[in-house]
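Structure at a glance
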Amino acid sequence: MEVKDYCKAMLAEVNAWKEKLDALKKVADSFSAAEKEKISPLIGQIEQEVAAAQARVDQLGNECPADWSPMKEELDDLFGTVGDSVDRAWRDFDRGWVDLEG
């Protein structure tokens, strides 16, 4: 895979995470103050992870190194972390909805 193709695919994923993050924030806005307080650190963490992923993809795209496998490995790990964080946030939100409705 070419570095430019990889970056294009990863940027699409970053943009998808940004959309999911915006959706998470909208859902959180409907939570009680106590629930918002619980979920706020997780949202902040995801925002930082998404920003880090965006920065690394931008760096890779700008530098275009001949051997980009170390950076690809780092990005793959980071993307796995962000994906796990987003999934965990939705699970927490689902539990929050159950708590609010219960």
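Okay, so let's go over this structure. Keep in mind that this is a model prediction, so the values were computed, not measured. Every chain begins its residue count from 1, and numbering advances along the sequence as written. Selection of residues for local features in this predicted model requires a pLDDT of at least 70, selection of side-chain atom pairs for listing and counting requires 80 or more, and totals for whole chains, interfaces and linings are taken over all residues. Derived side-chain values reflect all non-hydrogen atoms in the structure, with water molecules and hydrogen atoms excluded from consideration.

Points about the pattern of salt bridges
- By salt bridge we mean one thing: a side-chain nitrogen of Lys or Arg within 4 Å of a carboxyl oxygen of Asp or Glu. Taken as a whole, this structure holds three salt bridges when the rule is applied.
- As a salt-bridge pair, Glu-47 and Lys-25 come within 2.4 Å of each other at their nearest N and O atoms. Separated by 22 residues along the polypeptide, Glu-47 in helix H2 (residues 33-63) and Lys-25 in helix H1 (residues 3-29) bring together distant segments of the chain.
- When accessible area is computed with a 1.4 Å probe and restricted to protein chains, residues below 20% of their type maximum are described as buried, those above 50% as exposed, and intermediate ones as partly exposed. The partly exposed category is assigned to Glu-47, whose relative accessible area is 33%. Every helix listed is a DSSP run of H or I at least four residues long, and every strand listed is a run of E at least two residues long, numbered separately from the N terminus.

A look at H2
- In this model H2 runs 44 Å from its N-terminal to its C-terminal C-alpha over 31 residues, within 8% of the 45 Å that 1.5 Å per residue would give.
- Of all the bends in H2, the largest measures some 35 degrees and sits at Ile-39, one to four residues before the proline Pro-41.
- Directly after H2, the chain includes Cys-64, whose backbone phi takes a positive value near 45 degrees. One less than the residue count of a helix, multiplied by 1.5 Å, gives the span that helix is expected to have. Working definition for bend: take the seven residues up to and ending at a residue and the seven starting at it, fit an axis to each, and measure the angle between the axes.

Topic: the environment of Trp-90
- Its location among the elements puts Trp-90 in helix H3 (residues 69-101).
- Overall, Trp-90 belongs to the partly exposed group, its relative accessible area being 29%.
- Between the alpha carbons of Trp-90 and Ala-23 there is a distance of 9.9 Å; along the sequence they are 67 residues apart.
- When near neighbours in sequence (up to four residues on either side) are disregarded, Trp-90 contacts Lys-20, Ala-23, Leu-24 and Val-27. By the convention used here, residues are in contact when the closest approach between their heavy atoms is within 4.5 Å.

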